Amino acid sequence: MSESYALYHKPYCPYCRKVISAMKAMHINIELRDVEKKAAFNKELFQKGGKKQVPCLKITKKKQQSWMYESADIIDHLHKMADL
């Protein structure tokens, strides 16, 4: 199965830091996309995700993308990934 993930974040956002801490605790390695450092990430987040809210987990499965907002929802998804 072809799946990829990217986490759009800001370094000083407490909700983003919470998600990144959970990723580290579960030993899950996901590409981090800092929307403050790279304007292209910020633009993609808004144009394809629909809003500039972070954290946002971009999930790509079989060439289809979905965008997950809310740190608690992202962490729940990470737990499910870790259990696989």
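Residues numbered from 1 in each chain as written. Predicted model: local features only at pLDDT ≥ 70, side-chain atom pairs only at ≥ 80, totals over all residues. Heavy atoms only, no water.

## Notes on the overall build of the protein
Under the convention used in this document: Secondary structure elements follow DSSP: runs of H or I no shorter than four residues count as helices, runs of E no shorter than two count as strands, and numbering proceeds from the N terminus. With the radius of gyration taken over C-alpha atoms, the globule rule is written as 2.2 Å times the number of residues to the power 0.38. To sort residues, take the accessible area from a 1.4 Å probe on protein chains only and compare it with the maximum for the residue type: under 20% means buried, over 50% means exposed, and anything in between is partly exposed. Two residues qualify as a contact provided that any one of their heavy atoms is within 4.5 Å of a heavy atom in the partner residue.
Helix and strand counts for the protein stand at three helices and four strands. If you list the helices and strands of the protein from N to C, you get β-α-β-α-β-β-α. For 84 residues, the compact-globule estimate of 2.2 N^0.38 gives 12 Å, and the protein sits close to it at 12 Å. Counting only C-alpha atoms and orienting by the principal axes, one finds that the protein spans roughly 35 × 30 × 15 Å. Evaluated residue by residue, the protein yields a buried proportion of 43% over its 84 residues. Residue pairs in contact within the protein that sit at least 24 positions apart in sequence constitute 55% of those at least 6 positions apart.

## A word on helix α2 (residues 39-49)
To be explicit about the condition: Note that the arc is defined by the directions from the helix axis to the C-beta atoms.
Among the residues of α2, those classed as buried are Phe-41, Glu-44, Leu-45 and Gly-49. The buried residues of α2 all sit within an arc of 105° when viewed along its axis, so they share a single face. α2 presents Ala-39, Lys-43 and Gln-47 as exposed residues on the side facing more than 90 degrees away from its buried surface. Along its buried surface, α2 packs onto β1 (3-9), β2 (31-34), β3 (56-61) and β4 (64-69). Where α2 terminates, the next one or two residues include Gly-50, which has phi positive at roughly 100°.

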